[in-house]
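Spelled out from the first residue to the last, the chains are:
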Amino acid sequence: KHTASTIGLLTSGFLISAVVSTIIGVLMGINQRVYEWFNPIVAFFMPIPSFTLIFVFILWLGLGAKTVILTIIVGSSFPVLYSAAAGVRSCDQKMIWAAQTVGCSRMQVFFKVLLPSAMGYIITGNKLALGRAWRAVIAAEIFASTEYGLGFMIQDASSFLDTRAMFAAIITVGVTGLILENLAFRFIERATLERWGMTGQKTF
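Values in this document were obtained by computation on a predicted structure and should not be read as measured data.

1. A few points about the overall build of the protein
Here is step 1: In terms of helices and strands, the protein carries eight helices and zero strands.
Here is step 2: Sorting the 204 residues of the protein into buried and exposed places 37% on the buried side.
Here is step 3: For the protein, the accessible area works out to roughly 12,100 Å², and carbon and sulfur atoms hold 66% of it.

2. A word on the nonpolar core
Considering soluble globular proteins, one finds that nonpolar side chains tend to be buried as a cluster.
Here is step 1: With 21 residues, the main nonpolar core has Leu10, Phe14, Val68, Ile72, Trp134, Val137 and Ile138 as its most contacted residues.
Here is step 2: Mapped onto this core, the elements with two or more residues apiece are α1 (2-30), α4 (65-89), α6 (106-144), α7 (150-159) and α8 (163-194).
Here is step 3: With nine residues, the top contributor of residues to this core is α6.
Here is step 4: One finds Ala84, Ile96, Ala99 and Ile122 within the second-largest nonpolar core, a separate group that totals 11 residues.

3. Some thoughts on the side chain of Thr67
Here is step 1: Looking at the element boundaries, Thr67 is found in helix α4.
Here is step 2: Thr67 sits in the buried class, given a relative accessible area of 0%.
Here is step 3: If near-sequence neighbours (up to four positions away) are discounted, Thr67 is found in contact with Ile54, Phe57, Ile58, Leu61, Gly62 and Ala144.

4. Observations concerning the confidence of the model for the protein
Caution applies to low-pLDDT regions: their predicted coordinates should not be interpreted in detail.
Here is step 1: On average, residues of the protein score 85 in pLDDT, and 91% of them are at 70 or above.
Here is step 2: Across the protein, the secondary-structure element scoring lowest on mean pLDDT is α8, at 78, and the one scoring highest is α1, at 91.

5. Brief notes about empty space enclosed by the protein
Here is step 1: Using the criterion set out here, one finds one cavity of 30 Å³ or more in the structure.
Here is step 2: Broken down by element, the lining of the largest cavity gets its largest block of residues, three residues, from α4.
Here is step 3: Partitioning the lining of the largest cavity into residue classes produces five nonpolar, two polar and one charged.

6. Here's the deal with the state of the cysteines
Joining two cysteines, a disulfide is a covalent bond between their sulfur atoms.
Here is step 1: Enumeration over the complete set of coordinates arrives at zero disulfides.
Here is step 2: Unpaired in terms of disulfides, Cys104 finds its nearest cysteine sulfur in Cys91, a separation of 12 Å.

7. Observations concerning the packing of aromatic side chains
Here is step 1: Across all of its chains, the model carries six aromatic pairs by this definition.
Here is step 2: Between the aromatic rings of Phe57 and Trp60, the centroid separation amounts to 5.9 Å while the plane-to-plane angle is 45 degrees, which identifies the pairing as tilted. Of the two residues, Phe57 and Trp60 both sit in helix α3 (residues 54-61), three residues apart, roughly one turn of that helix.
Here is step 3: The class of Trp60 is exposed, set by a relative accessible area of 63%.
Here is step 4: Through pairs of rings, three or more aromatic residues link up here, namely Phe44, Phe45 and Phe78.

8. Some words on the environment of Gly131
Here is step 1: Structurally, Gly131 is set in helix α6.
Here is step 2: Take Gly131: its relative accessible area is 26%, and that puts it in the partly exposed class.
Here is step 3: Remark: the alpha-carbon pair of Gly131 and Gly75, spanning 56 residues in sequence, is separated by 9.7 Å.

9. Examining a nonpolar patch on the surface
Here is step 1: Side chains of Phe167, Ile170, Ile171, Val175, Ile179 and Leu183 sit close together on the surface and give an oily, nonpolar patch of about 600 Å² of accessible area.
Here is step 2: Residue placement: Ile179 occurs in helix α8.
Here is step 3: Looking at Ile179, the relative accessible area reads 45%, which means it is partly exposed.

10. What to know about the side chain of Thr71
Here is step 1: For Thr71, the position within the fold is in helix α4.
Here is step 2: Under the relative-accessibility criterion, Thr71 is labelled buried at 1%.
Here is step 3: Polar contacts involving the side chain of Thr71 include one to the main-chain carbonyl oxygen of Thr67, which spans 2.8 Å.
Here is step 4: Apart from residues no more than four positions distant in its own chain, Thr71 is found in contact with Ser50, Ile54, Phe57, Ala136 and Ala140.

Definitions and cut-offs
- Residues numbered from 1 in each chain as written.
- Predicted model: local features only at pLDDT ≥ 70, side-chain atom pairs only at ≥ 80, totals over all residues.
- Heavy atoms only, no water.
- Helix = DSSP H or I, 4+ residues; strand = E, 2+ residues; numbered from the N terminus.
- Buried < 20%, exposed > 50% of the residue type's maximum accessible area, 1.4 Å probe, protein only.
- Areas by Shrake-Rupley, 256 points an atom, 1.4 Å probe, with all protein chains shown as cover.
- Core = buried A, V, L, I, M, F, W, Y, C linked by side-chain atoms within 4.5 Å.
- Contact = heavy atoms within 4.5 Å.
- pLDDT = per-residue confidence, 0-100.
- 1 Å grid on protein atoms, 1.4 Å probe; cavity = no way out; pocket = protein on both sides within 12 Å on 5 of 7 lines; lining within 4 Å.
- Points joined across faces, edges and corners; volume = space filled by probe spheres on them.
- Nonpolar A, V, L, I, M, F, W, Y, C, P; charged D, E, K, R; others polar.
- Disulfide = S-S within 2.5 Å.
- Phe/Tyr/Trp six-rings, centres within 6.5 Å; stacked < 30°, edge-to-face > 60°.
- Patch = residues over 30% accessible without salt bridge, like charges linked within 9 Å, V, L, I, M, F, W, Y side chains within 5 Å.
- Salt bridge = Lys/Arg side-chain N within 4 Å of Asp/Glu carboxyl O.
- Polar contact = N/O pair within 3.5 Å; in protein donor to acceptor, adjacent residues only side chain to side chain.

Structural data, given as structure tokens:
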């Protein structure tokens, strides 16, 4: 029950963060005005540890799932924003000109050139974000959960000096995080980067 609760909250918060942050990051890469508007905001919040905001969210939303999900969203958004923007901005301008020369529309240029070029950055940003989201959900559950969750289990076990339960929860956090990362991104990498021939071992 504790593991299922944590994974459910993580999935809700991370999916919202991944979708919204990727869209905003791509817009930052395409449009200079959007980049100039969002970049100072991202630069300000990026160094702030997400767990320091938990108490602010508790004041706003109280204890419970809403606070945990909001902590996940804030804690995992910024790597995706930076990576998506960097991926789009790093696309070779000559590739865009070549696509336009053969008559590609703006949408075709985006889906055939910009998005594949940035996909490696986007996946890397989401991998980093998942790690931050996993840490955020555990920290938020320690302070804000009232019934279930691995973070709640750690806090509850420490209150009763139950060392075995506390270490069982900590080990479960590590193993579950490893499994989630491999399951979540292996399929995506196969369907995108490997299919497009954009990944593989490099030798020198």
